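Listed below, chain by chain, are the residues.
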Amino acid sequence: MPRKRTTDEGDELLARLGSLTAQARERAELQRTRVELAIALQRGMLPRDLPTPHGVRLAVRYAPACHGLNVGGDWYDAFTLHDGRIGLSVGDVQGHNIEATAFMGQVRVGLRALASVTGEPGELLARTNELLLSLGSDLFATCTFMRLDPVTGLLESARAGHIPCVWATADGKSGVAEDEGGPPLGVLEHVTYPVTRYRLTKGGVFVLLTDGVVEGPSLSVEEGLDQVVRLAGVAAVAGMDAGSLAAAVIRGAERVGHEDDAAVLVVGHDGVLGPQASRVQP
């Protein structure tokens, strides 16, 4: 016959269950605290205000990923250079933890600081790359940096291992930007980053984004970029404002099932510039 449990054994079992429950709650609370800390750190490192030059419309949207400790290091930035042109950047740090978030802050601050020395996108990325290598971190970052002349609409772009941006014009043309790019920041020494020039014209838009917007379990990066191309094309023809387009693009990130941060930076121009947005040959 099975042995009957004594009252003392039952009390001991309940005590053990209570201890395990308390430990589980403690671990869950610690994880929640770490996520909240990473998100707060992340938000604190992103710009609160964007430049407002005449004729240029900038809009951003950001959706942090909060799957476990998957709070990463995506960023966006826009600031005025010493000559009145606008510096624009988006990027993504490898990794999904507090360290990645802190490294993101270093990259973003480094870009801003070095932009006071040179705003030329290729040289700026090269200098930032050397700076990150000197820090001796195991992390690296992908990045796109653009310099916009709000008077002429000239956009100069350099890319460090990052996904390309999307463009669209008011006359119904749209596509993925074709530029050569270089390796991510913080990986190789003595790297050069080619610069591609575009012309942003009246009603045209450029959409800078991170891969969390366009790549996930439900969609490949190519399919995700095509989705953004369609949205940008419709928005440019319809005269949609930059904020509405940015909101539509970030909502698309939900459809790709993204498990990463998602950042969108939309650049639009409502000034009278030229007949169409186009690539400018160097």
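Just so you know, these numbers come straight off a predicted model, no measurement behind them.

Undergrad: With reference to specific residues and values, describe helix H2 (residues 98–115).
TA: Compared with an ideal rise of 1.5 Å per residue, which puts 18 residues at 26 Å, H2 spans 26 Å between its outermost C-alpha atoms and is within 8% of the ideal. Ala100, Thr101, Phe103, Met104, Gly105, Val107, Arg108, Gly110, Leu111, Leu114 and Ala115 are the residues of H2 that are buried.

Undergrad: Give a detailed account of the packing of aromatic side chains, specifying residues and quantitative values.
TA: Taken as a whole and assessed by the stated rule, the structure comprises three aromatic pairs. Note on phenylalanine 79 and phenylalanine 145: the rings are 6.3 Å apart at their centroids and 45 degrees apart in plane angle, and the pair reads as tilted. Of this pair, phenylalanine 79 sits in strand S2 (residues 75–80) while phenylalanine 145 sits in strand S4 (residues 141–148), and the two are 66 residues apart along the sequence. We classify phenylalanine 79 as buried; its relative accessible area is 8%. Accessibility expressed as a relative area gives 0% for phenylalanine 145, which makes it buried.

Undergrad: Mind laying out the packing of helix H5 (residues 221–238) against helix H6 (residues 242–255), listing which residues take part and the relevant values?
TA: For the pair H5 and H6, interaxial distance at closest approach is 10 Å and the crossing angle is 155 degrees. The orientation of H5 relative to H6 falls into the category roughly antiparallel. For the pair H5 and H6, the sense of crossing is right-handed. Facing Gln227, Val228, Leu231, Ala232 and Ala235 of H5, the residues of H6 in contact are Leu245, Ala248, Val249, Gly252 and Arg255. For the contact of H5 with H6, the residue count by class is seven nonpolar, two polar and one charged.

Undergrad: Describe unusual backbone geometry, naming the residues involved and giving the relevant values.
TA: Residues other than glycine seldom take positive phi values, yet histidine 190 does so here, at roughly 55 degrees. On the secondary structure map, histidine 190 appears in the loop between strand S7 (174–176) and strand S8 (196–199). Among the residues examined, histidine 190 registers a relative accessible area of 68% and is labelled exposed.

Undergrad: I'd like a rundown of helix H3 (residues 121–135), residues and numbers included.
TA: Spacing of three or four residues puts side chains on the same side of an α-helix, whose turn is 3.6 residues. For H3, which comprises 15 residues, the first-to-last C-alpha distance of 21 Å matches the rise-based estimate of 21 Å (1.5 Å per residue) to within 8%. Of the residues making up H3, those classed as buried are Pro121, Gly122, Leu124, Leu125, Ala126, Thr128, Asn129 and Leu132. Of the surrounding secondary structure, the elements contacted by the buried residues of H3 are H2, S4 and strand S5 (154–160). At the N-terminal end of H3, a side-chain oxygen is found 3.1 Å from the backbone nitrogen of glycine 122, two or three residues along, and the residue is glutamate 120. Once H3 finishes, glycine 136 follows within two positions and takes phi at roughly 70 degrees, a positive value.

Undergrad: Pulling in residues and values, what's your account of a negative patch on the surface?
TA: Together, Glu215, Glu222, Glu223 and Asp226 make up a negatively charged patch on the protein surface. The class for aspartate 226 is partly exposed, based on a relative accessible area of 41%.

Undergrad: How would you explain the side chain of threonine 144 if you had to name every residue and give the values?
TA: Looking at the secondary structure, you find threonine 144 in strand S4. You can call threonine 144 buried: its relative accessible area is 4%. Excluding anything up to four places from it in sequence, threonine 144 contacts Leu88, Ser89, Val90, Ser157, Ala158, Arg159, His162, Ile163 and Leu208.

Undergrad: With reference to specific residues and values, describe the sheet that holds strand S10 (residues 262–269).
TA: Hydrogen bonds between backbone atoms are what pair the strands of a sheet, whose relative direction is either parallel or antiparallel. Strand order in the open sheet made by the five strands is S1-S10-S9-S6-S7, with antiparallel pairing throughout. Each of the sheet's edge strands pairs with one partner strand only, and the pair in question is strand S1 (56–63) and S7. The average angle at which neighbouring strand axes cross in this sheet is 15 degrees, direction not considered. With three bridges joining them, strand S6 (residues 166–168) and strand S9 (residues 205–209) adopt antiparallel strand pairing. Residue pairing in the sheet places alanine 168 in a bridge with valine 205 of S9. The strands touched by H5 are S6, S7 and S9; relative to S6, the strand with the most contacts, the crossing angle is about 25 degrees.

Basis of the calculations
Residues numbered from 1 in each chain as written. Predicted model: local features only at pLDDT ≥ 70, side-chain atom pairs only at ≥ 80, totals over all residues. Heavy atoms only, no water. Helix = DSSP H or I, 4+ residues; strand = E, 2+ residues; numbered from the N terminus. Expected span 1.5 Å × (residues − 1). Buried < 20%, exposed > 50% of the residue type's maximum accessible area, 1.4 Å probe, protein only. Phe/Tyr/Trp six-rings, centres within 6.5 Å; stacked < 30°, edge-to-face > 60°. Axes fitted to C-alpha atoms, helices over the stretch in contact; angles between N-to-C directions. Parallel < 35°, antiparallel > 145°, perpendicular 65-115°, else oblique. Left-handed = near helix turned anticlockwise from the far one by under 90°. Contact = heavy atoms within 4.5 Å. Nonpolar A, V, L, I, M, F, W, Y, C, P; charged D, E, K, R; others polar. Polar contact = N/O pair within 3.5 Å; in protein donor to acceptor, adjacent residues only side chain to side chain. Patch = residues over 30% accessible without salt bridge, like charges linked within 9 Å, V, L, I, M, F, W, Y side chains within 5 Å. Areas by Shrake-Rupley, 256 points an atom, 1.4 Å probe, with all protein chains shown as cover. Salt bridge = Lys/Arg side-chain N within 4 Å of Asp/Glu carboxyl O. Lys, Arg positive; Asp, Glu negative; His and termini not counted. Charge placed at Lys NZ, Arg CZ, Asp CG, Glu CD. Pairing = 2+ DSSP bridges.

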